[in-house]
Amino acid sequence: MRRTPPNSVLGRAACVLAVAGLAVSTIQAQQLATAIPTSLSTARAMHVANRLTFGQTEALVNQLTGPIANYYAYLNAQLNPNLALDNPDVGSLLSQLNNGSGPPPFTTFAMGMGYRYRDIQNGVYAYSAVSDFQLVARMGHFWERHFNTYANRVRGVVRGPYANNDLLEAESLTCRIEWEDYEFYRQNSLGQFRDLIGYTFYSPAMLIYLDTVLNECGAGSSGIPNENMSRELMELHGIGTNFEPTGELNYGINEIQAVARAMSGWGLRGNGYGIAYLRASFNVLEHCGTATTIFGTSGLPAYTLTTGINAVDDLLDYLAGTEACADFICRKLMLDFMGDGSDDLYPNVLTQMKAAWGPAGDIRAVLNVMLSSGEFLGQTKRWCRAKTPMETAISHQRTWGGSYRDTPGSASPNLDRLNYVRVQGQNIGQSLFLFVSPDGFALESNEQPGSGIMLKSLNLFSESYYTNEPYAGNNVRFDFPAFVMNSLPAAKWGDPRAVATLFLQRAYGAGWNLDNLTAVGFALATDVTGALAPLDPMAPDYGKRLGQGVVATTSTPRGLLR
Amino acid sequence: MTNFDRRQFLRVGGAGALFSGLLSAGTRSPMSVVARLSGSPMPVTTPRVFTIFLRGAMDGVHTVIPKNDPTYLTARFSPEMRPTTAPLAGSTFAELNTDFDLLQDIHNSNNAAFVHQVGNPEGERSHFVEQQIWESAFVPTVAQPSLEEEGVIARLAEAAGFGSDVPGASVSKAMQRFYRGFTPARILAHIRSLSDYSIGAAGGIADRQRDALARNLMTTPTKELERFLDATGEFVLASEDAVSGLAGYQHDGAKFPIGEPEATAAGLDYYQPGDAFMRQCEEGVELLLAAGGPVDCQAVGVEFGGWDTHVDQDEQRPLLDPYLARAIRSIYDCALPACPNFVILVVTEFGRTNFENSRTGTDHGVGSLLMAFGPRVNGGVYNCHDGIGLGRQWRNLGNTPQDYTLWPNAQPVATDFRLIYAEMFEKLFGLTSGAGSQIEQVVPGWTDSNYLGVFN
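Residues numbered from 1 in each chain as written. Chains lettered and ligands numbered in written order. Predicted model: local features only at pLDDT ≥ 70, side-chain atom pairs only at ≥ 80, totals over all residues. Heavy atoms only, no water.

Q: Teacher, can you tell me more about the overall build of chain A here?
A: Helices and strands together make up the secondary structure of chain A, namely 28 helices and eight strands. With 562 residues in all, chain A has 63% of them scored as buried. Across chain A, the fraction of contacts at a sequence separation of at least 24, relative to all contacts at a separation of at least 6, is 71%. As displayed, chain A offers around 18,300 Å² of accessible surface, 54% of which is attributable to carbon and sulfur atoms. (Helix = DSSP H or I, 4+ residues; strand = E, 2+ residues; numbered from the N terminus. Buried < 20%, exposed > 50% of the residue type's maximum accessible area, 1.4 Å probe, protein only. Contact = heavy atoms within 4.5 Å. Areas by Shrake-Rupley, 256 points an atom, 1.4 Å probe, with all protein chains shown as cover.)

The structure is reproduced here in structure tokens:
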């Protein structure tokens with residue numbers, strides 16, 4: 001099916017035109033390069049921080065507000081991180097995984113270590129919620145979803161040959177496999193795309209998940225290859241179904257089958273439970289690759305497959321350098337970072353990003369172009385992009401200065417409190433490493449929109465903020481009285497309207513209205529019985545009353561949007 | 001656990017209006033909500049459809065087996081890839097996988113249609129592309145987000161005039177595209193679980209939480225928030241209130257087994273992912289058969305994943321098939337006494353390859369098996385005969401995977417899936433057909449009414 005290329009302006013027109021007063025200026029912004037602002041207002045700094053990180057914090061907004069040089073200094077540090085200098089809380093949280101064992105070790109992993117999915121999920125949350133290198137964390141999660149694998153599938157396959165048929169041992173082993181993948185994606189998240197796509201093909205998790213280990217079509221088999229990995233390599237990992245600039249199909253069934261043959265023969269070789277040695281291995285007897293010429297379209301020059309052990313590497317060398325690959329990945333990055341709706345596209349930025357791609361996909365250069373652009377900094381916020389459940393769960397903790405420490409004086413954070421956030425994200429609908437579909441919780445998938453998701457999210461926020469008792473239980477700890485008292489003059493501490501305004505500005509900048517102010521103000525002005533009662537900063541329930549206001553603030557539908 | 005109490009909110013909300021004079025003129029009037037909630041009981045006479053989307057592409061050849069295809073043994077060369085079968089009355093060509101034995105009674109009542117070789121003629125064999133196409137009923141030649149992102153059931157609801165606060169619902173972990181609307185008037189409810197329709201813990205504190213939620217959700221909706229709206233044009237409150245008002249139901253573990261003990265008692269090999277599916281089906285039936293009040297759901301949809309059997313199809317399908325069969329039969333048995341006008345529609349995004357691959361799996365194909373059940377169905381096996389039968393003649397699987405240049409190593413598309421939709425929409429829901437018709441709007445651009453005769 002040949003499709004006319006989507007018109008970027010028309011594609012997002014529904015969302016843009018709905019904000020009628022902004023429609024013209026926004027469309028023009030797409031057609032002409034947008035000037036870089038000389039400074040960022042607080043509201044704009046908040047918007048940028050929300051895009052660049054897992055959620056704005058008060059400190060980060062303050063850091064970015066002001067001359068644009070503030071932002072570029074921050075961006076430069078994010079693009080060129082020294083990961084060894086990350087926030088020590090990250091290391092502290094990671095060290096508490098698996099009852100103090102830390103993350104799964106790569107070289108000394110052994111039977112009986114007892115890792116569970118929650119351990120590696122919490123590891124991702126630790127980086128995402130706490131790391132100072134938020135761009136690396138964001139990109140690590142981006143690639144983890146882009147190269148999604150389903151842990152239960154991996155567990156099922158390794159259980160027999162590598163885990164004595166023990167389900168819990170298989171889960172532990174799967175954690176080791178999945179964690180190595182995530183750490184590779186995270187640590188190389190700003191590197192070369194060719195390295196990432198090459199890593200994922202040979203990763204044990206991916207070899208299992210998309211059936212490469214079972215793609216055998218040598219003389220001893222039926223000769224019919226398994227097409228699963230071949231298809232997803234092209235559709236999801238590398239080039240997409242269509243070359244969007246022309247609408248041409250990038251590949252057809254002939255390409256699928258030829259590439260499947262080129263991939264045949266790859267399997268896993270292990271040493272019993274010695275997962276450190278579980279690696280991809282090639283069996284030429286199960287290989288049926290042929291020197292077939294494939295592709296030959298606008299974005300994909302004709303390519304003749306090689307055969308044998310180098311066939312996949314040769315193919316990936318070729319693919320990573322094609323315009324189809326650059327176009328596909330750059331569009332996805334743009335949607336993730338700049339999308340404020342469903343089909344946002346900025347042709348000027350896309351062209352520059354593709355120019356920075358290079359022969360192997362220089363992600364740092366591509367990101368630098370995008371994140372430095374006037375479009376990234378200057379686009380009018382439309383509140384159209386739904387957060388993923390993980391983003392939702394983490395961003396609100398960051399907004400309200402949630403602490404994972406048991407007391408303000410605690411030397412280190414408590415993993416149990418971070419675990420509370422992970423469970424929230426899971427309850428809203430995103431379980432890391434356990435998304436069964438290979439599109440990995442795509443931003444524009446069906447996973448996010450819907451009134452049911454909204455209801456579930458609001459239930460959880462309500463429980464989180466209202467029932468939260470400082471220093472008690474395993475909830476994230478908030479100190480709402482300190483926030484109010486540090487932000488408002490003493491005369492306003494008991495003024496529901498002033499506090500409501502403060503809360504809404506903290507959460508949404510300028511993105512709130514009188515309805516919201518009424519809701520938050522009323523929540524602050526009434527006691528637990530619903531009766532109007534003074535908001536007394538000296539009263540023992542002052543924190544609780546402020547919690548009511550935070551519930552009302554967070555319950556605004558925009559709490560689910562970025 | 002206390003259910004959300006709309007009336008309590010309205011009472012407290014009235015007090016809220018006194019607060020500092022902040023209530024804006026744009027805030028919705030509570031009275032409009034009260035008026036909508038009043039309704040008189042009515043029997044379940046209006047037509048209903050229960051959709052089951054099998055995510056991952058089910059192999060129809062493994063379900064309704066073309067036993068008399070002379071190439072069947074060649075294409076499915078492994079004995080384990082050939083399930084045991086039982087004859088289907090009226091067909092001399094096809095037989096039914098015995099894991100679907102529960103459907104034989106429905107078939108014998110002439111209320112089961114098995115339609116082979118249904119699909120999108122332009123099919124790209126991509127899960128993501130084809131699921132979107134099947135659920136939107138729009139095969140794009142030019143990008144049109146308003147049509148690609150909108151579900152055909154959502155359009156149907158508007159065209160057929162579904163009423164009530166909950167006229168249709170996607171009962172699923174994620175909102176299915178089938179039920180998504182591009183405009184507020186077409187957006188249907190997303191109900192992850194009926195258990196979500198109680199908020200917080202019991203007691204005064206919980207009530208205060210609900211108040212805060214409710215008050216904010218009364219915020220005037222704006223375009224960017226439409227994805228969170230329900231058909232009433234409000235955020236979740238209307239459907240929340242309506243669903244909370246349902247009388248509730250007694251779980252029937254025999255019909256919808258959840259958990260290993262119930263599965264074992266029901267004769268199923270326990271399959272953990274089947275739990276969520278069974279729960280969705282049971283809750284879906286409750287919604288489907290509620291009528292006369294604020295919940296009058298004429299379309300309910302669930303989904304069931306796990307059908308992407310690239311490997312070990314011989315091991316996966318014996319787990320999946322009995323759950324699917326049990327669910328269909330139970331939905332049918334629940335609905336039949338209560339509703340004379342219902343259809344259970346079972347679809348999947350495409351079929352699988354004719355030839356199994358090297359590891360007892362099948363890859364992505366094109367034409368698939370569509371199933372429909374209910375008193376408005378003309379039973380039979382369609383597009384699967386060797387010359388005399390319903391629909392088109394079966395195209396053999398082939399002697400080699402390279403036998404066909406059109407839809408190679410896949411079943412062809414004898415019937416465009418949109419033709420099936422159109423027939424159901426016209427005959428069950430009374431939509432007009434042809435050029436300039438309602439169906440042309442609901443199934444974008446579709447004017448063909450040379451139906452297969454699946455529905456009466």
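Q: Sorry if this is basic, but what is going on with the overall build of chain B here?
A: Across its full length, chain B holds 14 helices and 12 strands. Sorting the 456 residues of chain B into buried and exposed places 63% on the buried side. The long-range share in chain B, meaning contacts at least 24 apart out of those at least 6 apart in sequence, stands at 74%. When the accessible area of chain B is evaluated, it comes to approximately 14,700 Å², of which 52% is carbon and sulfur surface.

Q: Would you take a moment to explain helix α20 (residues 363-372) of chain A for this structure?
A: Owing to its 3.6 residues per turn, the α-helix aligns residues three or four sequence positions apart on the same side. The set of residues buried in α20 of chain A consists of I363, V366, L367, M370, L371 and S372 of chain A. For α20 of chain A, the side-chain oxygen to backbone nitrogen distance between the N-cap and R364 of chain A is 3.3 Å, and the N-cap itself is D362 of chain A. (Polar contact = N/O pair within 3.5 Å; in protein donor to acceptor, adjacent residues only side chain to side chain.)

Q: Would you mind going over the packing of aromatic side chains with me for this structure?
A: Applying the stated criterion across every chain yields a total of 38 aromatic pairs over all chains. Measuring from centroid to centroid gives 4.9 Å for F201 of chain A and Y202 of chain A, while their planes differ by 85 degrees, and the two rings are edge-to-face. Here Y332 of chain B and F342 of chain B contribute two aromatic rings whose centre-to-centre distance is 5.9 Å and whose plane-to-plane angle is 65 degrees, an arrangement assigned as edge-to-face. Of this pair, Y332 of chain B sits in helix α12 (residues 313-335) while F342 of chain B sits in strand β9 (residues 342-348); the two residues are 10 residues apart in sequence, bridging distant segments of the chain. With respect to class, Y332 of chain B is no different from F342 of chain B; both count as buried. The structure contains a cluster of three or more aromatic residues connected by ring pairs, namely F142, W143, F147, F184, Y185, F193, Y199 and W357 of chain A. We note R138 of chain A situated over the ring of F337 of chain A; from NZ or CZ to the ring centre the distance is 4.2 Å. (Phe/Tyr/Trp six-rings, centres within 6.5 Å; stacked < 30°, edge-to-face > 60°. Lys NZ or Arg CZ within 6 Å of the ring centre and 35° of its normal.)

Q: Help me out: how do you make sense of the side chain of N148 of chain A in this one?
A: Residues and elements named next belong to chain A. Position of N148 relative to the elements: it lies in the loop between α10 (134-146) and α11 (151-162). Taking relative accessible area as the criterion, N148 reaches 5% and is therefore assigned buried. Residues within four places of N148 in sequence aside, it is in contact with M206, Y209, F435, S437, P438 and G440.

Q: Honestly, the sheet that holds strand β3 (residues 85-87) of chain B in this entry has me stumped. Any pointers?
A: In sheet architecture, strand pairing relies on hydrogen bonds along the backbone and comes in two forms, parallel and antiparallel. Residue and element names in this part refer to chain B. The strand order across the open sheet formed by three strands is β2-β4-β3, and the pairing between neighbours is antiparallel. Each of the sheet's edge strands pairs with one partner strand only, and the pair in question is β2 (64-65) and β3. Summarising the sheet, β3 and strand β4 (residues 95-97) pair through three bridges and their orientation is antiparallel. Following the sheet pairing, P87 is matched in β4 by E95. (Pairing = 2+ DSSP bridges.)

Q: Sorry if this is basic, but what is going on with helix α9 (residues 117-130) of chain A here?
A: Here α9 of chain A is 14 residues long and its end C-alpha atoms lie 20 Å apart, about the 20 Å a rise of 1.5 Å per residue gives. Counting buried residues in α9 of chain A gives 13 out of 14 residues, a clear majority hidden from the surface. (Expected span 1.5 Å × (residues − 1).)

Q: How should the layout of surface pockets be read in this particular structure?
A: Empty pockets left among the atoms are what a rolling probe the size of a water molecule brings to light. Residue and element names in this part refer to chain A. A volume near 750 Å³ is recorded for the second largest pocket. As for the second largest pocket, its lining consists of 32 residues, of which T57, A59, R398, G401 and G402 are closest to the centre. Classifying every residue of the lining of the second largest pocket by side-chain character gives 12 nonpolar, 13 polar and seven charged. (1 Å grid on protein atoms, 1.4 Å probe; cavity = no way out; pocket = protein on both sides within 12 Å on 5 of 7 lines; lining within 4 Å. Points joined across faces, edges and corners; volume = space filled by probe spheres on them. Nonpolar A, V, L, I, M, F, W, Y, C, P; charged D, E, K, R; others polar.)

Q: Help me out: how do you make sense of the pattern of salt bridges in this one?
A: A side chain with one charge can pair with a side chain of the opposite charge if their charged atoms come near. Counted under the stated rule, the structure contains 30 salt bridges over all chains. E216 of chain A is the salt-bridge partner of R359 of chain B, the closest N and O atoms lying 2.9 Å from each other. Within this pair, whereas R359 of chain B is found in the loop between β9 and β10 (368-373), its partner E216 of chain A is found in the loop between α14 (204-209) and α15 (228-238), the two belonging to separate chains. The exposure class assigned to E216 of chain A is partly exposed, which follows from its relative accessible area of 22%. A single salt-bridge network, built from bridges that share partners, covers E323, D327, R331 and K354 of chain A. (Salt bridge = Lys/Arg side-chain N within 4 Å of Asp/Glu carboxyl O.)

Q: I tried to follow the pairing of strand β1 (residues 48-54) of chain B on my own but got confused; where do I start?
A: The side chains of a regular strand alternate between both faces of the sheet. All names here are of chain B. Of all seven residues in β1, seven are buried, a share of seventy percent or more. In β1, alternate side chains face the same way, and those of R48, F50, I52 and L54 on one face and V49, T51 and F53 on the other are all buried. Bridge analysis of β1 against β9 gives seven bridges, and the strand direction is parallel. Bridge assignment links F50 to a residue of β9, and that residue is I344. The sheet contact formed by β1 and strand β8 (residues 295-304) spans six bridges and is parallel. Among the inter-strand pairings, I52 is bridged to a residue of β8, identified as V302.

Q: Would you take a moment to explain the confidence of the model for chain A for this structure?
A: Residues shown with low pLDDT carry predicted positions that ought not to be read at fine detail. Of all residues in chain A, 89% attain a pLDDT of 70 or more, and the chain-wide mean is 87. Counted against residues more than four places away or in other chains, residues 1-31 of chain A, with its pLDDT under 50, gives 67 contacts. (pLDDT = per-residue confidence, 0-100.)

Q: How do you make sense of the state of the cysteines when you look at a structure like this?
A: Cysteine pairs can be covalently joined through their sulfur atoms, and such a bond is termed a disulfide. All names here are of chain A. If you walk through the whole model with that rule in mind, you get one disulfide over all chains. Here C217 is linked by a disulfide to C288, with a sulfur-sulfur distance of 1.8 Å. Taking the sign of the S-S torsion, -80 degrees for the link of C217 and C288, the bridge is left-handed. With C217 in the loop between α14 and α15 and C288 in the loop between β6 (279-282) and β7 (293-294), this residue pair connects regions lying 71 residues apart in the sequence. The class of C217 is buried, set by a relative accessible area of 5%. Given a relative accessible area of 16%, C288 falls into the buried group. (Disulfide = S-S within 2.5 Å.)

Q: Is there a simple way to explain the packing of helix α18 (residues 323-338) of chain A against helix α19 (residues 347-357) of chain A in this structure?
A: Residue and element names in this part refer to chain A. Two numbers describe how α18 lies on α19: the axes approach to 9 Å, and their chain directions differ by 125 degrees. With respect to α19, the element α18 is oriented oblique. Along this stretch, α18 crosses α19, giving a crossing that reads as right-handed. Taking contact as the criterion, the partners of E323, C325, A326, D327, I329, C330, R331, L333 and M334 in α18 are, on α19, V349, L350, M353, K354 and W357. Classifying every residue of the contact of α18 with α19 gives 10 nonpolar, no polar and four charged. (Axes fitted to C-alpha atoms, helices over the stretch in contact; angles between N-to-C directions. Parallel < 35°, antiparallel > 145°, perpendicular 65-115°, else oblique. Left-handed = near helix turned anticlockwise from the far one by under 90°.)

Q: Just to check I follow, could you spell out empty space enclosed by the protein for this structure?
A: Residue and element names in this part refer to chain A. The tally for this structure, following the rule as stated, stands at six cavities of 30 Å³ or more. Estimates place the volume of the largest cavity at around 130 Å³. Lining the largest cavity are 16 residues, and of these K387, H396, T399, A507 and Y508 sit closest to its centre. Every element with two or more residues in the lining of the largest cavity is listed here: α22 (389-399), α26 (496-508) and α28 (542-554). Counting residues per element, the lining of the largest cavity draws most heavily on α22, at three residues. Residue classes in the lining of the largest cavity are distributed as five nonpolar, eight polar and three charged. Looking at which domains feed residues into the lining of the largest cavity, each of domain 1 (35-80 + 332-377) and domain 3 (389-429 + 448-560) gives three or more. (Domains from an automatic or database assignment.)

Q: Teacher, can you tell me more about the nonpolar core here?
A: The nonpolar side chains of soluble globular proteins are, as a tendency, buried together. All names here are of chain A. In this structure, Y71 and F295 are the most contacted members of the largest nonpolar core, which totals 158 residues. Among the elements that take part in this core, α18 stands out by supplying 10 residues, more than any other. Leaving out residues up to four positions away in the same chain, F295 has contacts with M234, I239, N250, Y251, E255, L300, P301, A302, Y303, L315, Y318 and L319. (Core = buried A, V, L, I, M, F, W, Y, C linked by side-chain atoms within 4.5 Å.)

Q: Which parts of the structure should I look at to understand the environment of L214 of chain A?
A: Relative to the elements of secondary structure, L214 of chain A occurs in the loop between α14 and α15. Spatially, the C-alpha atoms of L214 of chain A and W266 of chain A are 8.2 Å apart, while their sequence positions differ by 52 residues. What L214 of chain A contacts, discounting residues up to four positions off in sequence, is R153 and N226 of chain A together with V311, S358 and R359 of chain B.

Q: Which parts of the structure should I look at to understand the environment of N357 of chain B?
A: By the element assignment, N357 of chain B lies in the loop between β9 and β10. The buried category is assigned to N357 of chain B, whose relative accessible area is 1%. N357 of chain B has contacts with S222, I224, P225 and N226 of chain A together with F77, H310, T362 and D363 of chain B, leaving out every residue within four places of it along the chain. Of note is the side chain of N357 of chain B, whose polar atom sits 2.9 Å from the backbone oxygen of H310 of chain B. Within the local environment of N357 of chain B, its side chain forms a polar contact with the side chain of D363 of chain B, the two groups lying 3.3 Å apart.

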